Structures are given as structure tokens and as C-alpha cells.
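For reference, the chains in residue letters:
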Amino acid sequence: MVNVLIIGHGAREHVIGETLVKGGATLFSFMSFKNAGLEDLSKKIKIHSETDFKQIIEFCNENKMDFAAIGPEAPLVVGIVDALEKGGIPCVGPKIEAAQLEGSKVFARDLLEKYKIKSNVKSKMFDSMEGVKSYLKDMGVENTVVKPEGLTGGKGVKVFGDHLFSMEDTIKYCQELVNKTSRFLIEEKCVGEEFTLQTFVDGKNVLGSPLVQDHKRAYEGDKGPNTGGMGSYSMENHLMPFITQDDVDIAIEDMRKTVAAVKAETGVEYKGFLYGQFMKTAKGLKLIEYNSRWGDPEAMNVLPLLEGNLVDICRAIMDGKLSENFSFEKKATVCKYLAPEGYPVNPKSEEVVKINLDKINKSGAKYYYASVYREGGKIFTTTSRAMGVLGIADSLENAERIAETGVNCIEGKLFHRKDVGTRKLLQKRIDHMNSLLNK
Ligand code: AMP
Ligand code: GLY
């Protein structure tokens, strides 16, 4: 028997928990907010702050935990792994220094620059307005992106042409960040198609999983405000139609070099899951950002395809002995997030969500609880994404159909993007990539 603790409360942790149970774990959950899916899967749960390390250690000791897996970034970047390991609990996740790959965009860019990692882009850090205007002028303001240094839940980055439309707008946003005493980066704007590469890392080895493309914008046709991600898809060949195996090899090589650079720079080995968000551009592959964890929704596209045992993989990560003794089913996946009406600007919380369990189970779709809560047998919305619905099939078309059928088994004041995983949107991405490469 293996007792495993999962920390976190979203759909990502629900799917990690499900995969650990599939691997034979007896699951325990420690979460700041009760996730109904994890509650159902767990032998015991505790609802408490995910950064109260003392309480987490106590819970682990009381329940004789073999190890802990950490889902979200917030506890990682403030040192949960260091604290738990000091308390005698092995962890799957990077220590604080290594987690700064996500926690500090300045650390990440400086590291890539120093170790000459190819997919890096030009960027400069500011903590006052001194030199901002002249840097913007030198870069050409239309070629820039402004990023606060720390965690922003995907919502603090502003891209010229998408969120900022003039020198004045850009200066105003930089000033806003200075007023908040936030360090920020101005970096080169990349133009191309993005993809997510999620990897397993044991300090040295970096092993990949199927590529995924997320959809950050709230509304169909990539319109509206940025969100935590409204849905994602992956293809049966584990690539994207606009990304080749050569591109993946380059991305993995850069991630391997980054992991080596973390060790060289901090003395700490990166162990855990490492998420690389890349963009393929006319100038080659560019790294947009690193996350020190699985993606949400992207974990839902990949973990259910795992042919292998996640408990064993976690052990191999902790022991520094990762080997390629696992694979992923050659299937396509489409994940659609249902979010409360009004999300992300003015979400309708406290609304009932009705899941027709009979129907959804028959549809073949899988579903994962995100920011909803269960009370008196009923599910209610909060202010964030509500449920992830996943279709898995031999082709993208069928996976998309299954996901849509699943979505239609869930009622409430919710919305989702019907276009995620459709051929039409995929073709738009292919055409965009071709137009950039053939220029
Ligand atoms: P991040 O939080 O760094 O993932 O940024 C959020 C989103 O902003 C990304 O998914 C990209 O779409 C966009 N973005 C970030 N950095 C860049 C960049 N250098 N060039 C173009 N778009 C970017
Ligand atoms: N889907 C984006 C993220 O997990 O950060």
C-alpha cells in the first residue's frame, strides 16, 4: 500500500489524483477548497491553506504518508518541497530555488540568457520608469510584451496589439506596475503558434508527453479577455499539425539545458514536472514561459493517456532514476472548460450546476471538478472555471464530439468555447503558421 498526498484543489489535481489512484495509491488530499472529485477519490481529506506547511506535515505524519505530489504553483514558489522534506516527507516537485523558473520571470530569462539557451527572447527587467521609454523605442513598441515578474495566473501579461495599442498605453501599464512596486519585464513579442510541452524531470533526465494547445481567450474565435485557459486539445500522433518532431526535439533539448542550468546556477536539482510553453515563429522556436508544474487544463489532456504507473514515475523522479518505461496512448483529446457566465470579469457565483451523471457516463466523456463546491448533494459555482470535460478518441473530430456531448450533460449558468478542438479552428492555426513560414 502506498499513501500519497495530493496538494491542491482544482481540475488539474483531480486528474493527478485519479492517475495516482489508477497507479495503486491510497489517496489523501490537502486542499484550501473542497474538490468533490478529490473528496470521492480520497481516503481522507483536509480543507486548509495549501501554504500552511506545518499543518500539511502534521496531516502527513498522522496518516503515514509515503510521499506528496504538489499540484499548483503557489505553494511551490514559496518552498513547500523544502519544508515538507525537512519534515521528513518526500515530495514530487521542485524545491524553492528551482521553482523560481515559474516564480520569477526575471530569474528564468536571466538563466536562459546566461546559459545561451536558444529559444530565449530578448528582454529587460525594470523596477522604475527609468529607461522604459527609450527601451520601448529601441525595440519598437509594437514588438513588445510587458510582464509582471511574479505569478499572475496568466492574466498580468499584456501584449502589444492584443491588450496595448500605443506607446501611451504601454507606458501607462508599466507605470501601473511600478506603482504596485512590481518588477516587470519588457520582452520581444513573438508571433506564431503556441504549444505546451509537459515533462517529467528527475534532476537530469527530461521526458516528454504529448503536445497540447491551450486556449487562453474567454470567447470563441480567440476573442475576449485572457483566462486561466478555456480548453485544450492534443492529437493522436502527440504532435500539432504545425509542429514537427524536430521542433519537439529542439524544445526538449532546451528544457534539458535549462534543468542543467538550474543545477549549475543554484546547486539544486530540478525534480518534478516542468511545463514549457513554446511558440513556433518565423525565427524558430521561442520559449514563452516555464511553469514548475502540470498545466490546467493541459494535465487533463495528457494524464488519462498515460500507459504506465504514475506512482512509480513519481518515485523514479524523487530517486533521480527516471527511465522511458512509460508511454501515452495514441489518441486525440479535447478538453472543454465550463465557466460561470461572466467569467473572468464578472462571474456568476453561487449558481447551481446540474450534472446528468447517467447521461455523461454514457457519453464516454470524462469530467473533472474545478472551482465548484458540493453542498447537500448539489454543486455550486464560484468565481472561477467550474468543470473540465474531456473527450478521448482515435481522431480529433471524435474527441471533440465526445467532449461536446459531455458538456451538454451539464446544466447551469455556464458557458464554454464550442470552437476548441474543431477542425475549423485548427485550420486557422495551420493557415496562420503557413503564412508566417512562407513569408
Ligand atoms: P505567460 O503568463 O507568460 O504564459 O503569458 C500569457 C500569454 O501571453 C501567453 O500565453 C502568450 O500568448 C502571451 N505572451 C507571453 N509572452 C509573450 C511573448 N514574448 N510574445 C508573444 N506573446 C507572449
Ligand atoms: N494552462 C496554462 C497554465 O496551466 O498555466
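Below or above, wherever it landed, is the structure these notes cover. Here the structure is a predicted model, which means the values were calculated and not measured.

The rules behind each value
Residues numbered from 1 in each chain as written. Chains lettered and ligands numbered in written order. Predicted model: local features only at pLDDT ≥ 70, side-chain atom pairs only at ≥ 80, totals over all residues. Heavy atoms only, no water. Pairing = 2+ DSSP bridges. Helix = DSSP H or I, 4+ residues; strand = E, 2+ residues; numbered from the N terminus. Expected span 1.5 Å × (residues − 1). Buried < 20%, exposed > 50% of the residue type's maximum accessible area, 1.4 Å probe, protein only. Contact = heavy atoms within 4.5 Å. Polar contact = N/O pair within 3.5 Å; in protein donor to acceptor, adjacent residues only side chain to side chain. Core = buried A, V, L, I, M, F, W, Y, C linked by side-chain atoms within 4.5 Å. Near = heavy atom within 4 Å. Areas by Shrake-Rupley, 256 points an atom, 1.4 Å probe, with all protein chains shown as cover. Nonpolar A, V, L, I, M, F, W, Y, C, P; charged D, E, K, R; others polar. Phe/Tyr/Trp six-rings, centres within 6.5 Å; stacked < 30°, edge-to-face > 60°. Lys NZ or Arg CZ within 6 Å of the ring centre and 35° of its normal.

## Notes on the sheet that holds strand β4 (residues 67–70)
Step number 1: Within the open sheet, the 5 strands sit side by side as β3-β2-β1-β4-β5. Their pairing is parallel. Single-partner strands in this sheet number two, and they are β3 (44–47) and β5 (91–92).
Step number 2: With 6 bridges connecting them, strand β1 (residues 2–7) and strand β2 (residues 25–31) associate as parallel partners. Residue pairing for β2: Val2 is matched across the bridge by Ala25.

## Description of helix α14 (residues 396–407)
Residues three or four positions apart in an α-helix share a direction because the helix packs 3.6 residues into each turn.
Step number 1: For α14, built from 12 residues, the straight-helix expectation of 16 Å at 1.5 Å per residue is met to within 8% by its first-to-last C-alpha distance of 16 Å.
Step number 2: Looking only at α14, the buried set comprises Leu396, Ala399, Glu400, Ile402, Ala403, Glu404, Gly406 and Val407.
Step number 3: On its buried face, α14 sits against β15 (231–234), β20 (332–340), α13 (357–363), β25 (387–393), β26 (410–411) and α15 (423–437).

## Here's the deal with the environment of Arg385
Step number 1: Turning to its location among the elements, Arg385 is positioned in the loop between β24 (378–381) and β25.
Step number 2: The buried category is assigned to Arg385, whose relative accessible area is 10%.
Step number 3: Placed 36 residues apart in sequence, Arg385 and Ser349 show a C-alpha to C-alpha distance of 10 Å.
Step number 4: Apart from the residues lying within four places of it in its own chain, the contact partners of Arg385 are Gly228, Gly229, Asp296, Pro297, Tyr337, Leu338, Ala339, Pro340, Tyr343, Ala370 and Ser371.
Step number 5: For Arg385, the side chain forms a polar contact with the main-chain oxygen of Gly229, separated by 2.8 Å.
Step number 6: From its side chain, Arg385 meets the backbone oxygen of Asp296 in a polar contact 3.3 Å long.

## So, helix α12 (residues 310–319)
Step number 1: Taken across its 10 residues, α12 has 7 buried, putting it largely inside the fold.
Step number 2: Within α12, burial applies to Leu310, Val311, Ile313, Cys314, Ala316, Ile317 and Met318.
Step number 3: With a side-chain oxygen positioned 2.8 Å from the backbone nitrogen of Val311, the residue opening α12 is Asn309.

## Describing the nonpolar core
Step number 1: Counting residues in each nonpolar core, the largest one holds 60 residues, and the members touching the most others are Met387 and Ile410.
Step number 2: Broken down by element, this core gets its largest block of residues, 7 residues, from helix α10 (residues 245–266).
Step number 3: Counting residues in hydrophobic clusters, the runner-up holds 40 residues, among them Val2, Leu306, Leu310 and Ile313.

## Brief notes about unusual backbone geometry
Step number 1: Looking along the chain, the bond that leaves Asp296 and enters Pro297 is cis, with omega of 25°.
Step number 2: Locating Pro297 in the fold gives a position in the loop between β17 (284–291) and α11 (298–302).
Step number 3: In this model, Tyr343 is joined to Pro344 through a cis peptide bond whose omega is 5°.
Step number 4: As for its placement among the helices and strands, Pro344 is situated in the loop between β20 and β21 (352–355).
Step number 5: One non-glycine residue, Lys116, lies in the positive phi region at around 50°.
Step number 6: Tracing the backbone shows Lys116 in the loop between α7 (105–114) and β6 (123–126).

## Some thoughts on the site of ligand 1
Step number 1: Neighbouring residues of ligand 1: 15 residues in total, closest Glu188, Cys190, Glu194, Gln277 and Glu289.
Step number 2: Between ligand 1 and Glu187 there is a distance of 3.1 Å, counted from a nitrogen atom to a side-chain nitrogen or oxygen.
Step number 3: Within the backbone of Glu188, one N or O atom sits 3.0 Å away from a nitrogen atom of ligand 1.
Step number 4: Relative to its unbound accessible surface of 470 Å², ligand 1 loses 93% to contact with the protein.

## Things to note about the site of ligand 2
Step number 1: Taken together, the residues surrounding ligand 2 are Asp214, Lys216, Gly228, Tyr275, Asn291, Arg293, Gly295, Asp296, Pro297 and Glu298.
Step number 2: The separation between a nitrogen atom of ligand 2 and a polar side-chain atom of Asp214 is 2.8 Å.
Step number 3: Measuring from an oxygen atom of ligand 2, one finds a side-chain N or O atom of Asn291 at 3.3 Å.
Step number 4: Within the complex, the protein chains bury 89% of what would otherwise be the 200 Å² of accessible surface of ligand 2.
Step number 5: Split into classes, the residues belonging to the shell around ligand 2 amount to 2 nonpolar, 3 polar and 5 charged.

## Some details on the packing of aromatic side chains
Step number 1: Inspection of the entire model under this criterion finds 15 aromatic pairs.
Step number 2: On the basis of an interplanar angle of 25° and a centroid distance of 6.4 Å, the ring pair of Phe200 and Phe328 is categorised as stacked. Here Phe328 lies in strand β19 (residues 327–328) and Phe200 lies in strand β10 (residues 192–202), a separation of 128 residues in the sequence.
Step number 3: Among the aromatic residues, those joined into a ring-pair cluster are Phe200, Phe273, Trp294, Phe326 and Phe328.
Step number 4: Geometry around Tyr173 places Lys158 over its ring, the cationic atom sitting 4.6 Å from the centre.
Step number 5: Directly above the aromatic system of Tyr275 lies the positively charged group of Arg293, at a separation of 5.8 Å from the ring centroid.

Shape is all these values report; function is a separate question.
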